[in-house]
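Inside the fold
Now for the letters of each chain:
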Amino acid sequence: MMLALEMYRSLPRYIAARAVGGRVPGILTGPAAPVRLVNREEPRTAAAGWARVKPILSGICGSDLGALFGQTSMYFSALVSMPFVPGHEVVGELVDDCEDLPAGTRVVLDPVLSCAARGVERCQSCANGQTNRCDRVTVGHVSPGLQTGYCADTGGGWGGQLVAHRSQLHAVPDGLSDERAVLVEPLSCAVHTAMRAQVPDGGSVLVSGAGAVGLFATLALRELTPAGRISVVAKHPRQRELARAFGATDVLAPDEVPARVRRATQAFRLTPERSGEFLLGGVDVGIDAVGSKDSLSTTLRVTRAGGRVVLSGMPAAGADLSPVWFRELEVVGTYATQGREAFTRAFDLAASAPLDGVVGGRYPLYRWREALDHAHSAGRLGTVKVAFDLRSSR
């Protein structure tokens, strides 16, 4: 048996979370939470190529909070199996030998449960190396689950043990600390975002949001693309400080965006009746790193005609898509990451970037209510990433 946080299906609690979770987060870490601390059986290795992993640190991601607070679209209900142990940003230690990786190796996890992990014939996306687009995430010998941390069979990082396939595992270099290693998976997602942005030489970019997603995207854009001006929208002092450290040219408050982008890009600013202002002209690339209605709307309204808008945060419903039609914007999604090259680049960023102190809160599992409250208020509290420390939970 192992100690784990378990998310389970409860329609009343989902409705309550959706109604008040974003406004009163304490309710969701109290009696209304669709998550519980349990003792449950350790997951078993499913087939050849699988091994047990003991998590060391496991991050709390915005998508985890979205599920907890009822903000995740029901679109995803067919892609998970419950009850599941959350946690997909993981650095851990192999319990078993796994092909060329001996027991005891520190590893980070590519959480996508693609065709190789499921033991099925490769779909076209997996055959092309685009495992994040796998079409087989509900079949095979593993229960439905788009990722580890959303699958009933595999366990997740918020528990004492999980199982993973060799295709998911990346060995951690000896000199990289656990606190940096746990950031490799979200950094690999940022690498994918930077590549999907297709920034032209010297191009202007707006990153809307300065949580972990936006800050890591800023870092990857500056290090890996030919971007010129990178403007980052940030609410809180520590976010503004880190945005500059990670490569932002300028940092904007949310209410400054149209005016500041207009001046920087020589655009025209218009104010329609009973609607938000927008630009004719604007940045070459806009990245929504929040996923809220307001963030997406802002990004769409300040990206130039024919520009590219990248959805890096899980999107919410309700944004006005008129700019997409009128300005002929190219809107692309960026989900998870693609292949080992992205992880190689993420390891390089984890080793070289100014990431000390980015993991600003570490909690044992039994303090899960404090951990989730901290993660929900991370920006205001000056924290980028909150993680569970499983070493103190065994």
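Nothing here was measured: the structure is a model prediction, and the numbers come from that model.

The end-to-end C-alpha distance of helix H13 (residues 339-352) is 21 Å, a good match for the 20 Å that 14 residues give at a rise of 1.5 Å each. Residues of H13 that are buried in the fold lie against strand E5 (106-109), strand E7 (169-171), helix H6 (178-181), helix H7 (184-197) and helix H8 (212-224).

This paragraph deals with the UniProt feature "domain: Alcohol dehydrogenase-like C-terminal" (unreviewed entry) in the chain. Within this structure's numbering, the places UniProt gives as "domain: Alcohol dehydrogenase-like C-terminal" (unreviewed entry) are residues 212-351. End C-alpha to end C-alpha, residues 212-351 measures 17 Å, and it is 41% helix and 23% strand.

Time to look at unusual backbone geometry. A cis amide bond links Met82 to the next residue, Pro83, at an omega of -5 degrees. Positioned with a positive phi, Glu99 is a non-glycine residue whose angle comes to about 55 degrees. Tracing the chain through its elements places Glu99 in the loop between strand E4 (89-94) and E5. Note on Glu99: relative accessible area 61%, which makes it exposed. Positive phi, close to 60 degrees, is recorded for Gln266, a residue that is not glycine. For Gln266, the position within the fold is in the loop between helix H10 (257-265) and strand E11 (268-270). By relative accessible area, which is 67% here, Gln266 ends up exposed.

It is worth spelling out the packing of H7 against H8 at this point. In contact at an axis separation of 8 Å, H7 and H8 are set at 55 degrees when each is read in the N-to-C sense. Looking at the two axes, H7 sits oblique to H8. Viewed along their axes, H7 and H8 form a crossing whose handedness is right-handed. Note on element contacts: H8 touches H7 through Phe216, Ala217, Leu219, Ala220, Leu221 and Leu224, opposite Pro186, Leu187, Ala190, Val191, Thr193, Ala194, Met195 and Ala197. Across the contact of H7 with H8, the residue classes break down as 13 nonpolar, one polar and no charged.

Conventions and cut-offs
- Throughout, a residue's number is its position along its own chain's written sequence, starting from 1.
- This being a predicted model, a pLDDT of at least 70 is required before a residue's local features are given, and a value of 80 or more before pairs of side-chain atoms are given or counted; all residues contribute to the totals for chains, interfaces and linings.
- By convention in this description, side-chain values take in all heavy atoms of the structure and omit both hydrogens and water.
- Per the convention used, a helix needs a DSSP run of H or I reaching at least four residues, while a strand needs a run of E reaching at least two, with both numbered from the N terminus.
- By this rule, a helix spans an expected 1.5 Å times one less than how many residues it contains.
- Pairs of residues are marked as contacts when any of their non-hydrogen atoms sit within 4.5 Å.
- UniProt positions are given in the numbering used here, feature names are shortened, and annotations may be inferred rather than shown by experiment.
- Only protein chains enter the calculation, and the probe is 1.4 Å; a residue is then buried if its accessible area is under 20% of its type maximum, exposed if over 50%, and partly exposed in between.
- Note on definitions: angles span 0 to 180 degrees between N-to-C directions of axes, and those axes are lines fitted to C-alpha atoms, for helices only across the stretch in contact.
- In this scheme, roughly parallel covers angles under 35 degrees and roughly antiparallel covers those over 145, while 65 to 115 is roughly perpendicular and the rest are oblique.
- Two helices crossing with the near one rotated counterclockwise from the far one by less than a right angle form a left-handed crossing, whereas a clockwise rotation gives a right-handed crossing.
- Under the scheme applied here, ten amino acids are nonpolar (Ala, Val, Leu, Ile, Met, Phe, Trp, Tyr, Cys and Pro), four are charged (Asp, Glu, Lys and Arg), and all others, including Gly, are polar.

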